[in-house]
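Here is what each chain is made of, one letter per residue.
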Amino acid sequence: MTETIYIGVAWPYANGSLHLGQIAGAYLPADIFARYHRTCGNNVLMVSGCDQHGTPITIKAEATGQTPQQVADYYYAEYLECWEKLGISFDLFTTTGTKNHMETAQDFFLRLMEKGYLYRDTVSQSYCPKCRRFLPDRYVEGICPSCHTAGARGDQCDACGKPMNTTELLEPYCRICHTTPEVRDSEHFFLKLSAFQQQLEEWVEKQVHWRPNVANLTRRYLKEGLRDRAITRDIEWGVPVPVAGFEHKRLYVWFEAVIGYLSASKQWAAEIAGDPEAWRPFWQEGSKSYYFIGKDNIPFHTIIWPAMLLGYGGYPLPTDVPANEFLTIENKKISTSKNWAVWLPDYLSRYEPDPLRYLLSVNMPETSDTDFSWHEFVRRNNDELVAAYGNLVNRVLTFAYKNFDGKVPQGSIKGDAATALLNLADDSLQKTSNSLARCNFRQGIQTAMSVAREANRYLDDTAPWKSIKIERQAAADSLYTVINVISALKTMLYPYLPFTSKKVHEYLGFSGNIEAQGWARQSVPTGQAMIEPRPLFIKLDESIIEEETRRIGT
Ligand SMILES: [Zn+2]
Ligand SMILES: [Zn+2]
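Quantities reported herein were computed from a predicted structural model and do not represent experimental measurements. (Residues numbered from 1 in each chain as written. Chains lettered and ligands numbered in written order. Predicted model: local features only at pLDDT ≥ 70, side-chain atom pairs only at ≥ 80, totals over all residues. Heavy atoms only, no water.)

### Section: the overall build of the chain
When helices and strands are tallied, the chain shows 18 helices and 15 strands. Over its C-alpha atoms the chain spans a radius of gyration of 26 Å, differing by no more than 12% from the 24 Å that the globule rule assigns to 554 residues. Across its three principal directions, the C-alpha atoms of the chain cover 90 × 50 × 40 Å. Sequence separation of at least 24 residues holds for 77% of the intrachain contacts in the chain that already meet a minimum separation of 6. Carbon and sulfur atoms provide 48% of the accessible area of the chain, an area that totals close to 22,500 Å². Computing the positive centroid from 58 side-chain charges and the negative centroid from 65, the chain places the two 2 Å apart. (Helix = DSSP H or I, 4+ residues; strand = E, 2+ residues; numbered from the N terminus. Rg over C-alpha atoms; globule rule 2.2 N^0.38 Å. Contact = heavy atoms within 4.5 Å. Areas by Shrake-Rupley, 256 points an atom, 1.4 Å probe, with all protein chains shown as cover. Lys, Arg positive; Asp, Glu negative; His and termini not counted. Charge placed at Lys NZ, Arg CZ, Asp CG, Glu CD.)

The structure is reproduced here in structure tokens:
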């Protein structure tokens, strides 16, 4: 039965280049999941976009002497190029700067207001007497009241993930001039989160398939009791509040950006699908919705967005929020301000996309933080990609191509060892499918790689390069067997290594789209004309470890 799968991916602030932490945290797993479901023949919609309205954008603009729009446009273009090069296959990657998004966000606001889920209240806001302005979220820093980490931002603590208001920070200071802010009154709209406490508790208890980190953190917030939160703020940059008297205020970005999941779906329908109603199947009962985010975003997707959806009415709540833990770099927490990061555009300027996709997949921070190091990158590339998978494909296809007139040998699956190997490949296709459907991405790629290793052993045992001199048919049978295993691997590894699978697909003599073949071993006809294969992966020189490591943090 065909499933309808909606995939929403975190909206990055358009204020800096993407780094590997974001890729491992949300974009790569989302893409793997989308490619898997498309190959299964399911209806998939994967969307996201730049969040161009946060204070991170205005802060960056002020620091670089640009307008916020210039900053957002620059990074939006850079992200699109990164997705293309890394193979992150969005159906639409947009921005929160569109008219469609503004209208969708304002409609959401007005509907919640009509239904009594919004109210006005006067709030104490941080105000800098020296800068003579209100200081929304990231313009104030201080000590986190929850975990006591210094340098916490006024919107959310990076260390413990606690979302907060600027006035909750201990020892606060203005980010611009370091003055201690005053507290001044300002009128704002509030979202009545407390009204959803019981509904959310009941819903969360039923989500037994959620990852423990996601379920536990969500329960902890619910246990503390949901508090109403301001959804407007004193700033000029953002989506206008559609109410008279609020001309100088904007929708708060945490409220507005999540609505992007819906507005992007509508934009995709109108502009790409060519049917303005095409978004609806993804937003009604019977569809499944998955939100891929980093762990710092969990409460926004398991509490706030579900509350907003309940309040609006008619749209399904998330099926799963497979949030990842963090990726560290060389065993240290990523810090973009200290340049302790590996930047994606930088990586892509020097290396192929699939070795990175491979490393971040086998080492994905699904249940705990994992580490990226250049040493590990080189090791996994050389010892696993090149030595196991690349070597298998290269040996077999090159030998077959050279000795059988560039065609798939006229062989058959003969003997117990060949049958066992092919059964293993078919079982592994099923196992990988189960892992992928449950968002267990590490497990899926490990299953696939063990098939490649087993096929190498079979190849060493049958040694067609020897048997071809004595018994040509035995060599043809052995090659034909492994070629069919490679065809299974091409599918199993496609979600993870799409560029590589496309090459293998073509070397085997197939044309067209891999996804159209379905989640099955595509049988390779004997006598099919192949394309002369080239090595799938390049062995990396150990010297790059030191070279690359030196770049970090400087
Ligand atoms: Zn904290
Ligand atoms: Zn100031």
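### Re the coordination of the zinc ion (ligand 2)
Coordination of the zinc ion (ligand 2) by the protein involves Cys128 (SG), Cys131 (SG), Cys174 (SG) and Cys177 (SG), with metal-donor separations of 2.2 to 2.3 Å. One chain supplies every donor to the zinc ion (ligand 2), and in sequence these donors are spaced C-x2-C-x42-C-x2-C. Judged by its relative accessible area of 0%, Cys174 is buried. (Donors = N, O, S within 2.8 Å, 3.2 Å for Na, K, Ca; no water. Buried < 20%, exposed > 50% of the residue type's maximum accessible area, 1.4 Å probe, protein only.)

### Focus on the coordination of the zinc ion (ligand 1)
Donor atoms from the polypeptide that coordinate the zinc ion (ligand 1) comprise Cys144 (SG), Cys147 (SG), Cys157 (SG) and Cys160 (SG), at 2.2 to 2.3 Å from the metal. Classification of the site at the zinc ion (ligand 1) as tetrahedral follows from its 4 donor atoms and the range of 106 to 112° in their angles at the metal. Coordination of the zinc ion (ligand 1) draws on donor residues from a single chain, spaced C-x2-C-x9-C-x2-C in sequence. Residue Cys144 is found in the loop between strand S6 (140-143) and strand S7 (152-153), and its partner Cys157 is found in the loop between S7 and strand S8 (170-174); the two are separated by 13 residues along the sequence. Like Cys144, the residue Cys157 is buried in the burial classification. (Tetrahedral: all angles 85-135°; square planar, octahedral: opposite > 155°, others 65-115°.)

### Observations regarding the packing of aromatic side chains
Within this structure, the stated rule accounts for 43 aromatic pairs. Summarising the aromatic geometry, the rings of Trp254 and Phe255 are spaced 6.3 Å apart at their centres and angled 90° between planes, so their arrangement reads as edge-to-face. Phe255 shares its class with Trp254; the two are buried. A ring pair is formed by Tyr261 and Tyr291, whose centres lie 4.9 Å apart and whose planes are at 80°; its orientation type is edge-to-face. Of this pair, Tyr261 sits in helix H8 (residues 260-273) while Tyr291 sits in strand S13 (residues 288-292), and the two are 30 residues apart along the sequence. Judged by its relative accessible area of 1%, Tyr261 is buried. (Phe/Tyr/Trp six-rings, centres within 6.5 Å; stacked < 30°, edge-to-face > 60°.)

### What to know about the pattern of salt bridges
For the coordinates displayed, the defined rule picks out 35 salt bridges. A salt bridge links Glu3 to Lys288; the nearest nitrogen and oxygen atoms lie 2.8 Å apart. One end of the pair, Glu3, is in the segment before strand S1 (4-9); the other, Lys288, is in strand S13, and 285 residues separate them in sequence. What makes Glu3 partly exposed here is its relative accessible area of 25%. A residue is classified by how much of its surface remains accessible, and Lys288, at 31% relative accessible area, is partly exposed. Here the residues in one salt-bridge network are Arg138, Arg153, Asp155 and Asp158, joined through shared partners. (Salt bridge = Lys/Arg side-chain N within 4 Å of Asp/Glu carboxyl O.)

### Quick notes on a negative patch on the surface
Taken together, the side chains of Asp383, Asp541, Glu542 and Glu547 make up a negatively charged region of the molecular surface. Residue Asp383 is classed as partly exposed on the basis of its relative accessible area, which comes to 45%. (Patch = residues over 30% accessible without salt bridge, like charges linked within 9 Å, V, L, I, M, F, W, Y side chains within 5 Å.)

### Observations regarding the packing of helix H5 (residues 197-205) against helix H6 (residues 212-224)
One can describe the packing of H5 onto H6 by two numbers: an axis separation of 11 Å at closest approach and a directional angle of 155°. The orientation of H5 relative to H6 falls into the category roughly antiparallel. Read as a crossing pair, H5 and H6 show a hand that is left-handed. Together, Gln197, Leu200, Glu201, Val204 and Glu205 of H5 and Thr218, Arg219 and Leu222 of H6 make up the contact between the two elements. Taken together, the residues that form the contact of H5 with H6 break down as 3 nonpolar, 2 polar and 3 charged. (Axes fitted to C-alpha atoms, helices over the stretch in contact; angles between N-to-C directions. Parallel < 35°, antiparallel > 145°, perpendicular 65-115°, else oblique. Left-handed = near helix turned anticlockwise from the far one by under 90°. Nonpolar A, V, L, I, M, F, W, Y, C, P; charged D, E, K, R; others polar.)

### Concerning the state of the cysteines
Applying the stated criterion to the full structure yields 0 disulfides. Counting only cysteine sulfurs, Cys82 is the nearest neighbor of Cys50, a cysteine outside any disulfide, at a range of 11 Å. (Disulfide = S-S within 2.5 Å.)

### Re helix H2 (residues 55-64)
Note on helix geometry: an α-helix contains 3.6 residues per turn, so any two residues three or four positions apart are oriented the same way. Burial in H2 covers these residues: Thr55, Pro56, Ile57, Thr58, Ile59 and Ala61. In this structure, the buried side of H2 is in contact with helix H3 (68-86) and strand S11 (232-233). In the segment just after H2, Gly65 is the residue with positive phi, at about 70°.

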